[in-house]
Amino acid sequence: MSPTVCVLGAGGFIGSHLLSRLLGEPTYRVRAVDITSDKIRDLLSHPRLTFATLDIHDTKSLRPHIEASDVVVSLVALCNPSLYNTVPLDVIDANYDQPRHVVRMCAEMGKWLVHFSTSEVYGRTVAGFVSDTRAARDKKHYVLTEEGSPLVLGPVSAQRWSYAAAKQLLERLIFAHGFEHGLQYTIVRPFNFIGPRMDYIPGIDGTGVPRVLACFMEALLRGKPLQLVDGGGSRRCFTYIDDAVDAVMAILGKPAKAKGEIFNIGHPGNEVSMSELADAMVRLYRTLRPEFADTEFEIESVDAEAFYGAGYEDSDRRMPDISKAEDLLGWRPTTSLETALRQTMQSYIEEYGADCARREAC
Ligand code: UGA
């Protein structure tokens, strides 16, 4: 019989890609749950899909969907750094209070929970604190391993860490349910997934500050300066969404290997500083839109507090050790940064290029 996968947050960026992959395989039936469905509009009539418009805080309505499934993939989150220090109560509610009911229901009903956490649980690297430069360059001080690395968050007053703390507590709750009640779980820690349909362009289909890739795309599309927070020295490993979905499919296909594990899912070979990212995106933009081949794009540094508000701090570096996913799941990311950026930027140009040109002033 085909396994039934319940995808919570199926209408979001990751969910939309996962859904189309699951439905592309003949083996899966899907119960998809979200409050929006714009990104999965084309899939809604699929015969192996049941879609429910509901919020996960409505546990009464959610229960039958979990009951009818073999595995629950939970993607629901508020994961935009500009919110962590501005609406921290909403962030803690969405990333801990609400999903904890999902954990409890999975434990009660004996369902396998594949929970999406975040690479941000690692917080900052030890390398960022050591003054000796040789020690800072030692891999054990910055390469992040699921079982070995400490989770280093800043002070309570630095509300940037409200999200990481909520996500970390949820991981601990899942682990404790596994320990005390035999909950079957897998935890995924994503490292900066990028691809078509991620985030939004402010003033077109969202408000506020999106994540860095969308910020830089907005600047390029509107001819505004690309802004580097505190000089753009922070480093990230960007992971293409197709590689990320491969990892989820490997988890779902190998339950005996995946249950009871936490996996870093990211591309260690795709590390860049934000300043290098800005340069790469300007270069690629000129090749994707030859009409701008000779245009100068300004890149400027901005103060973090001026950009995000008080209480913002940053993860200095996020480099995953993915040997566990390689060994147990046989998964390895294959998409280079260049290809990942090119595909993502092309999709932004197609989706927003004309609109931004029409509304240059907005
Ligand atoms: C966010 C979330 O907090 C993580 O949970 C999530 O895993 C991650 O995104 C992700 O996409 O996977 P972060 O990487 O800090 O974490 O989010 P971004 O907003 O994309 O910021 C990346 C870096 O770019 C930060 O150093 C930020 O200060 C910088 N930035 C952002 C700029 O320099 N300019 C901008 O216009 C925007």
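These lines cover the structure that appears in this document, whether it is placed above or below. Being a predicted model, the structure only gives us computed values, none of them experimental. (Residues numbered from 1 in each chain as written. Predicted model: local features only at pLDDT ≥ 70, side-chain atom pairs only at ≥ 80, totals over all residues. Heavy atoms only, no water.)

## Quick notes on the packing of aromatic side chains
Inspection of the entire model under this criterion finds nine aromatic pairs. Aromatic ring contacts, followed pair by pair, group Tyr 285, Phe 292 and Phe 297 into a single cluster. Of note, Arg 189 hangs over the ring of Tyr 122, and the distance from its end group to the ring centre comes to 4.9 Å. Looking at Lys 259, its charged tip hangs above the ring of Trp 112, at a distance of 5.0 Å from the centre. (Phe/Tyr/Trp six-rings, centres within 6.5 Å; stacked < 30°, edge-to-face > 60°. Lys NZ or Arg CZ within 6 Å of the ring centre and 35° of its normal.)

## Points about the site of the ligand
In the region of the ligand, 26 residues are neighbours, and Tyr 84, Thr 118, Glu 120, Arg 236 and Asp 314 sit closest. The separation between a nitrogen atom of the ligand and a polar main-chain atom of Gln 227 is 2.7 Å. In this structure, Asp 314 approaches the ligand through a side-chain N or O atom, which is 2.5 Å from an oxygen atom. Against a free-state accessible area of 710 Å², the protein chains account for coverage of 96% of the ligand. The set of elements that each furnish at least two residues to the shell around the ligand consists of helix 3 (81–84), helix 8 (212–222), strand 9 (226–229) and helix 12 (304–308). (Near = heavy atom within 4 Å. Polar contact = N/O pair within 3.5 Å; in protein donor to acceptor, adjacent residues only side chain to side chain. Areas by Shrake-Rupley, 256 points an atom, 1.4 Å probe, with all protein chains shown as cover. Helix = DSSP H or I, 4+ residues; strand = E, 2+ residues; numbered from the N terminus.)

## With respect to the pattern of salt bridges
Inspection of the entire model under this criterion finds 23 salt bridges. For Arg 189, the salt bridge goes to Glu 171, with nearest N and O atoms at 2.6 Å. Here Arg 189 is found in strand 7 (residues 185–190), whereas its partner Glu 171 is found in helix 7 (residues 162–181), with 18 residues between them in sequence. By the burial criterion, Arg 189 is buried, and Glu 171 matches it. Notably, a salt bridge pairs Arg 211 with Asp 199, separated by 2.9 Å at the nearest N-O pair. Remark: Asp 199 occurs in the loop between strand 8 (193–194) and helix 8 and Arg 211 occurs in the loop between strand 8 and helix 8; sequence separation between them is 12 residues. (Salt bridge = Lys/Arg side-chain N within 4 Å of Asp/Glu carboxyl O. Buried < 20%, exposed > 50% of the residue type's maximum accessible area, 1.4 Å probe, protein only.)

## Observations regarding helix 8
The element helix 8 is largely enclosed, with a buried count of 10 among its 11 residues. Looking one or two residues beyond helix 8, the residue adopting positive phi is Gly 223, at roughly 70°.

## Brief notes about the state of the cysteines
Applying the stated rule across the entire model yields zero disulfides. Note on Cys 79: no disulfide assigned, nearest cysteine sulfur contributed by Cys 215 at a separation of 14 Å. Lacking any disulfide linkage, Cys 215 is separated from the closest cysteine sulfur, that of Cys 356, by 13 Å. We classify Cys 215 as buried; its relative accessible area is 17%. (Disulfide = S-S within 2.5 Å.)

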